[in-house]
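Below are the chains, spelled out letter by letter.
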Amino acid sequence: MAPSNPLANWERVGDRFYRKVRVYDAVFDDDIELENYIVAGAPYGGALALYRDQSKPFLYRDAQTAKSSIDIYSCSGNLINRINWEHGVIRGLGWSDKEELLVVTEEGTVRRYFGLHGDFTSFSLGNGAEEYGVTACRFWTSGFVALLSNNQLVAVSKYDEPRPRLLAPSPEGQVFSWSLIPPAYTLSRSVEVLLAVDNTIYLIDPTETEDKLLQNGPFKHVSVSPTGRFVALFTGDGKMWVVSSDFQNKLSEFDSKARTPPTTVEWCGDDAVILAWEDEILIVGPNGAATRYYYDGRVHVLPEFDGVRLITNDTYEFLHNVANVTEEIFKLGSTSPASVLLDSVDLLEKKSPKADENIQRIRPSLPEAVDACVQAAGQEFDTYWQKRLLKAASFGKSVLELYNSDEFVEMTEKLRVLKAVRDYKIGLPISYEQYLRLTPARLVERLTNRYEYLLAIRISDYLQIPADNIYVHWASQKVRVSAADDEAVCKLIVQRLDGKPGISFEAIAQAAYDEGRTHLATQLLNHEPRAGKQIPLLLDMEEDEIALDKAIESGDDDLVYYVLLHLKSKLPLATFFRTINNRPMASALVESLAKDEDTELLKDLYYQDDRPIEGSDVLISEALEETEVPRKTEKLNLSSRLLADSKDATAVSQLKLISEVTQLLKLQESLDKDIADRSEFVGLSLNETVYRLIRSGYGKRAQKLQSEFKMSEKTFWWLRLRALVAKRDWGELEEIGKNKKSPIGWEPFYNEVLGAGNTKLAAMFVPKCTGQPVADRIQMWVKCGMIVKAGEEALKAKDVNTLELLRARATGSAIADIDRMINHLRPTK
């Protein structure tokens, strides 16, 4: 087939060229009657949604064909899905940039369809939409604005987290047309709406309504350019104005001389405006230049950021501005280096020596020429000219000694991908600029949603991007449509996905569970390597014990805690304990958690596990924290009951201690009543109680406690000693010192009294410390300040050296006494 002329579809509009690329033929069957449908197209060459315009007359149809539906097609006319519609009058039909279909009803209900195959979420606009009704909607890539019958505007900024809110109050009057400026192109970063009411335009945002004070209305059409910089206004007398979006500058005016306003006014890129009637397209460029196209039937104009899609029953065309680089190469009479380089390819194939002459002539500009040919190849839809331009670039770079070929290689990769997805069987006629903005990953996602798994995987492998989502999508779909038994489906999926990195079996299992195939979901989850992904779905499926076992196997305490908390909130307590009873790790974690946060649960756990000692310990701890004696006693009694039937030696011992503590509490309570005006004894230990009694002068009561609680003599004597010293009851201590024996010895008496500063009384106990070495007794006398007494101890031991040391410390008459002792041991010769 002879190559097409690259200039064949070019049209000059002022100083720019536009071209109409015919991408697909015979798109829709004749019985579809496209002129009777509302058509909405997803951005970036995405799917088309067709809905029968209820305002158009219907041919006779039987009951089956009379059912309303939203039909989703590819751009090449392949039916992707049919959504039966019986949910009210549709007032808005649009797409997000993620190829999610948005359907807005008159009552204000919004459905967001994702994946192209009927799955949806829904929400309500509220804000009076149900009362007043929605009359129309305008969409941008991530949100939309609904116009109510009372002229109020409701905006939704995010489809993922829809929070409908009213914009500023709108003026009253008939709305002739309206449009919006997306948040990305406004200074306020909020959506702004242009509302044509009466003879002027109002700009409305979330906070205020501004009258632009125009006087040439009513404006039948308002359209905002893709970048939000310009606004096209079509007046009632057939004129079209282009003004800046701030309405400060009028850039051009065009008189269409049309008696009827166009059905559509859309922007073609940022430089031209499309006026469309039923079967006529008018392109209006800067300075009022225009050109027309005629069609046999109704043409639908769907805007893209870099052009417009023109759809009829017979054709799908893309009308766009000819890129500067393309114009530079192909326009008539061009002598640019890139054009010369392209001509050199023809000469080279003819083996003409002029090819080399041309190369030498443009050699200084050859790198730029190669770059231009590479860029121009991306702008072409025709594969013949893609190849010719890339061949020219290859020829040019082969002559250059140093040239970075990365851009050339990337362009060949991109063009191969674009060729594959533009095929009529796929029907994604995305332009090069759209592909760059959409990104390869999201293009693969679109292929996956169309069930074009093989092509999606090949493109992913070719571009080296992860393909795990494709495999998961395929497996999820297999689960939904397969009629085979669960084992066969699971085996097939596992075999196909074996060795594939990043596969989430949890997502596939979720699809199986959603289809009611719980057994299959459980089988699939066994192949999910990440326990954190398995657990939530298992719990949703009420496979509680499996979820707990999986969490324990993972060794992740947090994951086990998550399952346990879920089970505790869901199950009766007895069932919960039975579930964890034979799982030591789970039981230990519950015990640890209960110790920190829930003592009642801890007591129940110990009771269920028949662990009376631990249960008793909890009650004793609670008793210690109580401030009132009845509550303390109650807790201790409960603790005793737990231990009553146990034969364990530890339990018996603990039971005895609890009994003594209870008895002590009663005694302390009576002591507080008898002795003190305020609580002084309750809560003290037995030793502290005895100590305080002696110090307070109630020695007999202390002896009674000693007897009742069988306190050892040593302990009692220690307590009495320290209490009397603290009390400074030297007389009582002196009386005690008259005893012949002390259970604790006399050294403690010496130390405690000396520590209290009474050296005289302390000295009284030194002779009683007969068990101490002589040297220690000497030091004891010295500490009491009795050097002569210390000397007498040294004399008895015949220790001259110590006497000499003592003489050095002696004063007054003590010196003579020490000298006499020394002389006694060392007689003069």
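These numbers were taken from a predicted model, which means no experiment stands behind them.

Conventions and cut-offs
- The residue count restarts for each chain, going from 1 along the sequence in the order it is written.
- Reporting of local features is limited, given that this is a predicted model, to residues whose pLDDT is at least 70; pairs of side-chain atoms are given and counted only at 80 or more, and all residues count toward the totals for whole chains, interfaces and linings.
- To get the side-chain values, all heavy atoms of the structure are used, and hydrogens and water are removed first.
- By definition, two strands form a pair when at least two bridges between them are found by DSSP.
- Secondary structure elements are taken from DSSP: a helix is a run of H or I of four residues or more, a strand is a run of E of two residues or more, and numbering for both begins at the N terminus.
- In this analysis an axis means a line fitted to C-alpha atoms, helices contributing only their contacting stretch, and an angle means the value between N-to-C directions, from 0 to 180 degrees.
- Planes of paired rings set the category: under 30 degrees apart is stacked, over 60 is edge-to-face and the rest tilted, where pairs are Phe, Tyr or Trp rings (Trp by its six-membered ring) whose centres lie within 6.5 Å.
- Accessible area is worked out with a 1.4 Å probe on protein chains only. A residue is then buried under 20% of its type maximum, exposed over 50%, and partly exposed in between.
- Only buried Ala, Val, Leu, Ile, Met, Phe, Trp, Tyr and Cys residues count toward a nonpolar core, and they belong to the same one when joined by side-chain atoms within 4.5 Å.
- Any two residues whose heavy atoms approach within 4.5 Å are treated as being in contact.
- To estimate the expected span of a helix, subtract one from its residue number and multiply by 1.5 Å.
- Polar contact is the term for a pair of N or O atoms within 3.5 Å; when the atoms are in protein, one must be able to donate a hydrogen and the other to accept it, and sequence-neighboring residues count only if both atoms are side-chain atoms.
- The working definition used for a salt bridge is a side-chain nitrogen of Lys or Arg within 4 Å of a carboxyl oxygen of Asp or Glu.

Novice: When you look at the sheet that holds strand S2 (residues 16–25) in this model, what are you seeing that I'm missing?
Specialist: Reading across the sheet, the 5 strands line up as S1-S2-S29-S28-S27 and stay open at both edges, with antiparallel pairing between neighbours. Bordering the open sheet on either side are strand S1 (10–13) and strand S27 (300–304), each of which pairs with just one other strand. The average undirected angle you get between the axes of adjacent strands in this sheet is 25 degrees. In this structure, S2 lies alongside strand S29 (residues 315–321), joined through 7 bridges in antiparallel fashion. Residue pairing across strands places Tyr-18 opposite Asn-321, the latter belonging to S29.

Novice: Please explain the pairing of S1 as it appears in this structure.
Specialist: Regular strands place side chains that alternate from one sheet face to the opposite one. In this structure, S1 lies alongside S2, joined through 4 bridges in antiparallel fashion. Within S2, the residue paired with Val-13 across the bridge is Arg-16. Where S1 folds back on S2, the antiparallel hairpin that results is connected by 2 residues, among which Gly-14 adopts a positive phi of roughly 70 degrees.

Novice: So what exactly am I meant to see when it comes to the packing of aromatic side chains here?
Specialist: Working definition: an aromatic ring pair is given by the centre-to-centre distance plus the angle between the planes. Here the structure, examined in full by the defined rule, presents 15 aromatic pairs. Here Tyr-24 and Tyr-316 contribute two aromatic rings whose centre-to-centre distance is 5.8 Å and whose plane-to-plane angle is 50 degrees, an arrangement assigned as tilted. With Tyr-24 in strand S2 and Tyr-316 in strand S29, this pair connects stretches of sequence that are 292 residues apart. Of the two residues, Tyr-24 and Tyr-316, both sit in the buried class.

Novice: It is not clear to me how the nonpolar core should be interpreted in this structure. Could you clarify?
Specialist: One recurring pattern in soluble globular proteins: nonpolar side chains tend to sit buried together. Residues Ile-329, Leu-341, Ile-493, Leu-497, Ile-508 and Leu-524 are the most contacted members of the largest nonpolar core, which totals 92 residues. Among the elements that take part in this core, helix H5 (residues 366–379) stands out by supplying 8 residues, more than any other. If we skip the residues at most four places from it in the chain, Leu-497 touches Tyr-471, Trp-474, Ala-475, Ile-503, Phe-505 and Ile-508. Listed in part, the 47 residues of the second largest apolar core include Leu-671, Ala-702, Phe-716 and Leu-761.

Novice: Please clarify how the pairing of strand S5 (residues 69–73) should be interpreted in this entry.
Specialist: For S5, the tally of buried residues reaches 5 of 5 residues, placing the bulk of the element in the interior. Alternating positions in S5 separate into two faces, Ser-69, Asp-71 and Tyr-73 on one and Ile-70 and Ile-72 on the other, with burial throughout. Of the pairings in the sheet, the one linking strand S4 (residues 48–52) to S5 comprises 4 bridges and is antiparallel in character. Among the inter-strand pairings, Ala-49 is bridged to a residue of S5, identified as Ile-72. Two elements, S5 and strand S6 (residues 79–84), share 5 bridges in a ladder whose sense is antiparallel. Residue pairing across strands places Ile-72 opposite Asn-81, the latter belonging to S6. Linkage of S5 to S6, two consecutive antiparallel strands, is achieved through a turn of 5 residues, within which Gly-77 is found at a positive phi near 95 degrees.

Novice: Sorry, what's going on with helix H6 (residues 383–399) here?
Specialist: Note on helix geometry: an α-helix contains 3.6 residues per turn, so any two residues three or four positions apart are oriented the same way. The end-to-end C-alpha distance of H6 is 25 Å, a good match for the 24 Å that 17 residues give at a rise of 1.5 Å each. All of the buried residues in H6 are Trp-385, Gln-386, Arg-388, Leu-389, Leu-390, Ala-392, Ala-393, Phe-395 and Gly-396. Buried residues along H6 sit against helix H2 (324–330), helix H3 (337–349), helix H4 (354–361), H5 and helix H7 (406–422). Near the N-terminus of H6, the side chain that reaches the backbone nitrogen of Tyr-384, with its oxygen 2.8 Å away, is that of Asp-382.

Novice: What's the story with the pattern of salt bridges in this structure? I'm lost.
Specialist: Close approach of charged atoms lets side chains of opposite charge pair. Per the stated rule, a full pass over the model turns up 27 salt bridges. Note that Arg-517 is salt-bridged to Asp-486, the shortest N-O span being 3.0 Å. Separated by 31 residues along the polypeptide, Arg-517 in the loop between helix H13 (505–514) and helix H14 (518–525) and Asp-486 in helix H12 (residues 486–497) bring together distant segments of the chain. When sorted by exposure, Arg-517 lands in the same class as Asp-486, which is buried. Residues joined in a network through salt bridges with shared partners are Lys-98, Glu-100, Arg-112 and Asp-160.

Novice: Got a minute to help me understand the environment of His-221 in this structure?
Specialist: Its place among the elements puts His-221 in strand S19 (residues 219–224). Assessed through its relative accessible area of 15%, His-221 is described here as buried. For the pair His-221 and Ala-196, spaced 25 residues apart in sequence, the C-alpha to C-alpha distance is 8.2 Å. In this structure, His-221 is in contact with Ser-177, Ala-232, Leu-233, Phe-234, Pro-262, Thr-263, Thr-264 and Val-265, ignoring residues within four places of it in sequence.

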